[in-house]
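Survey of secondary and tertiary structure
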Amino acid sequence: MNTKEIGTLIKNRRQSLNLNQLELSELAGVGINTLVAIERGQGNPKLGTLLAVADTLGLQIEIKLKELAYEKR
């Protein structure tokens, strides 16, 4: 998943909850400009910021191992 896909997921979830960007930024405790950048797949938000936005939206971030090309046999 890349930053653009993450931003789209966050935006779609926000819209499904009928929240505007200002409301979400206030609920998550992040700046409006930061939220706009996240939704556009831009910037480089801190992990804590991304976690706060995800948690506010009822989302969770999961880290999993992926198969690397050099590990294929």
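Scroll up to find the structure this text is about.
Right, let's walk through the structure included here. (Residues numbered from 1 in each chain as written. Predicted model: local features only at pLDDT ≥ 70, side-chain atom pairs only at ≥ 80, totals over all residues. Heavy atoms only, no water.)

Bringing the packing of helix α2 (residues 21–28) against helix α3 (residues 32–39) into the picture now. Taken N-terminus to C-terminus, the directions of α2 and α3 make an angle of 110°; their axes are 9 Å apart at the nearest point. In terms of their interaxial angle, α2 and α3 are classed as roughly perpendicular. Handedness of the α2/α3 crossing: right-handed. Counted together, Gln21, Leu22, Leu24 and Ser25 of α2 and Ile32, Leu35, Val36 and Glu39 of α3 form the full contact between these two elements. Split into classes, the residues belonging to the contact of α2 with α3 amount to five nonpolar, two polar and one charged. (Axes fitted to C-alpha atoms, helices over the stretch in contact; angles between N-to-C directions. Helix = DSSP H or I, 4+ residues; strand = E, 2+ residues; numbered from the N terminus. Parallel < 35°, antiparallel > 145°, perpendicular 65-115°, else oblique. Left-handed = near helix turned anticlockwise from the far one by under 90°. Contact = heavy atoms within 4.5 Å. Nonpolar A, V, L, I, M, F, W, Y, C, P; charged D, E, K, R; others polar.)

Time to look at the environment of Glu26. Within the fold, Glu26 resides in helix α2. Residue classification places Glu26 among the exposed positions, given a relative accessible area of 59%. Placed 27 residues apart in sequence, Glu26 and Val53 show a C-alpha to C-alpha distance of 10.0 Å. (Buried < 20%, exposed > 50% of the residue type's maximum accessible area, 1.4 Å probe, protein only.)

With the rule as written, the count across this model stands at one salt bridge. Across the salt bridge formed by Arg14 and Glu39, the nearest N and O atoms sit 2.6 Å from each other. One end of the pair, Arg14, is in helix α1 (residues 3–16); the other, Glu39, is in helix α3, with 25 residues separating them in the sequence. (Salt bridge = Lys/Arg side-chain N within 4 Å of Asp/Glu carboxyl O.)

By themselves, these are just geometric observations and shouldn't be taken as functional.
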